[in-house]
Amino acid sequence: MTTTMQGQVALVTGASRGIGKAIAEQLVAQGVKVVGTATSDKGAAAISDYLGADGEGMQLNVTDADSVAKVLSSIDEKYGQLDILVNNAGITKDNLLMRLKDDDWDAVLDTNLKSVYRICKAVMRGMMKRRHGRIINISSVVGTTGNPGQTNYCAAKAGLVGFTKALAQEIAARGITVNCVSPGFIDTDMTKSLTDDQKQAIFANIPAARLGNPEEVAAAVVFLASPGAAYITGETIHVNGGLAMV
Amino acid sequence: MSTIEERVKKIIIEQLGVKEEEVKHEASFENDLGADSLDTVELVMALEEEFETEIPDEEAEKIKTVQAAIDYVTNHAND
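Residues numbered from 1 in each chain as written. Chains lettered and ligands numbered in written order. Predicted model: local features only at pLDDT ≥ 70, side-chain atom pairs only at ≥ 80, totals over all residues. Heavy atoms only, no water.

Q: Where do I start with the pairing of strand 5 (residues 133-138) of chain A in this structure?
A: Two faces make up the sheet, and in a regular strand the side chains alternate between them. All names here are of chain A. Within strand 5, 6 of the 6 residues are buried, which leaves it mostly tucked inside the rest of the structure. Of the two faces of strand 5, the one holding Gly-133, Ile-135 and Asn-137 and the one holding Arg-134, Ile-136 and Ile-138 are both buried throughout. Of the strand pairs in this sheet, strand 4 (residues 84-87) and strand 5 are connected by 4 bridges, and their pairing is parallel. Paired with Leu-85 across the two strands is Ile-135, which belongs to strand 5. For the handedness criterion, the β-α-β arrangement of strand 4, helix 4 (residues 102-130) and strand 5 is classed as right-handed. Where strand 5 meets strand 6 (residues 176-183), 6 bridges bridge the pair, whose relative direction is parallel. By the bridge assignment for strand 6, Asn-137 is matched with Cys-180. (Buried < 20%, exposed > 50% of the residue type's maximum accessible area, 1.4 Å probe, protein only. Helix = DSSP H or I, 4+ residues; strand = E, 2+ residues; numbered from the N terminus. Pairing = 2+ DSSP bridges. Right-handed = clockwise from strand over helix to strand, strands pointing away.)

Written out as structure tokens, the structure is:
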């Protein structure tokens, strides 16, 4: 068994900022070539800037199968076969169910859940042939606990856990692991949009009494991608300061 | 140049790790050759690569025996 990730190739979706950026940076620190994606060309350029010679940013719409195919073939051409897939891209469109629009439900489910189906399916053939692959899906604590105003987001994030377990069973014998990392409240742009009242209510329930850092989530992702985690599959690692113990 | 039949059988032997004499025409991948559903998916992938063709899912599902694989490739060899 190799003990290093040196020279491996990773795709991290939603890597322009926050958790995705921290994941990309920590994978690079392990010697991994990283392609990070963003929805806009500007975001992709920002990723290229911080990755430097260790990878690049690419524009990707995770809800578009053609866009997924295009990015995957670019990666294959430029960097070779994909070893690590981190499905991190996600959006929120919060509202109480009674006020939730169909479009907001569909957008969140498509971007956060169906995208993972789409991308995993597209990388499956290559990983199966090589008998090697690491897939890490970024879920969320609210997929486990629920959260008012986020029926769509909670459904998508809980869906990822089930998806992960099913796929893990399908392909474990081919040397491919599929796991989730489930962050709690992490200091990112996504949680900055919470009101102070919301934050105070959340802090009261976090034994660690603080927000987490993106780097603390990325560390769990890097572990699951590492050779040492080869026997862990279908698992969810919770990174939430004790907010929910499952 | 090997015949289609020989090439198909060679792939089956490699993919499923079975012996040549087990690969009879009527042999079913799952019932006789010990393949699981994922093995048959991989077998179809290997056939696609060997014969440089794309086998649609609805056709792939019908390829359950050695003969069915040979027939499919034979019928689509000139596409």
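Q: Looking at this model, I keep getting lost on the UniProt feature "domain: Carrier" (unreviewed entry) in chain B. Mind explaining?
A: Feature annotation in UniProt assigns "domain: Carrier" (unreviewed entry) to the following positions: residues 2-77 of chain B. As a span, residues 2-77 of chain B carries 55% helix and 0% strand, and end to end its C-alpha atoms are 14 Å apart. (UniProt positions renumbered as here; feature names shortened; annotations may be inferred.)

Q: Looking at this structure, how should I read helix 9 (residues 214-225) of chain A?
A: An α-helix turns once per 3.6 residues; consequently, residues spaced three or four apart project the same way. Helix length check: helix 9 of chain A (12 residues) gives 17 Å between terminal C-alpha atoms against 16 Å at 1.5 Å per residue, within 8%. Listing the buried residues of helix 9 of chain A in full gives A:Pro214, A:Val217, A:Ala218, A:Ala220, A:Val221, A:Val222, A:Leu224 and A:Ala225. (Expected span 1.5 Å × (residues − 1).)

Q: Just checking my understanding: could you explain the UniProt feature "modified residue: O-(pantetheine 4'-phosphoryl)serine" (unreviewed entry) in chain B for this structure?
A: Under the present numbering, the feature "modified residue: O-(pantetheine 4'-phosphoryl)serine" (unreviewed entry) in UniProt falls on B:Ser37. Its place among the elements puts B:Ser37 in helix 2 (residues 37-50).

Q: How do you make sense of the interface of chain B and chain A when you look at a structure like this?
A: Many analyses report the size of an interface as the accessible area lost when the parts associate. Across the contact, 8 residues belong to chain B and 7 residues belong to chain A. Summed over both sides, the interface between chain B and chain A buries roughly 690 Å², with carbon and sulfur atoms accounting for 44% of that surface. On the chain B side of the contact with chain A, B:Leu38, B:Glu42 and B:Met45 bury the most area, a combined 67% of that side's loss. At the junction of chain B with chain A, the criterion picks out 6 salt bridges. In this structure, A:Arg125 and B:Glu48 form a salt bridge, with 2.3 Å as the shortest nitrogen-oxygen distance. Here chain B and chain A share 6 residue pairs in polar contact (both at pLDDT 80 or more) between them. (Contact = heavy atoms within 4.5 Å. Buried area = accessible area lost by both parts, 1.4 Å probe. Salt bridge = Lys/Arg side-chain N within 4 Å of Asp/Glu carboxyl O. Polar contact = N/O pair within 3.5 Å; in protein donor to acceptor, adjacent residues only side chain to side chain.)

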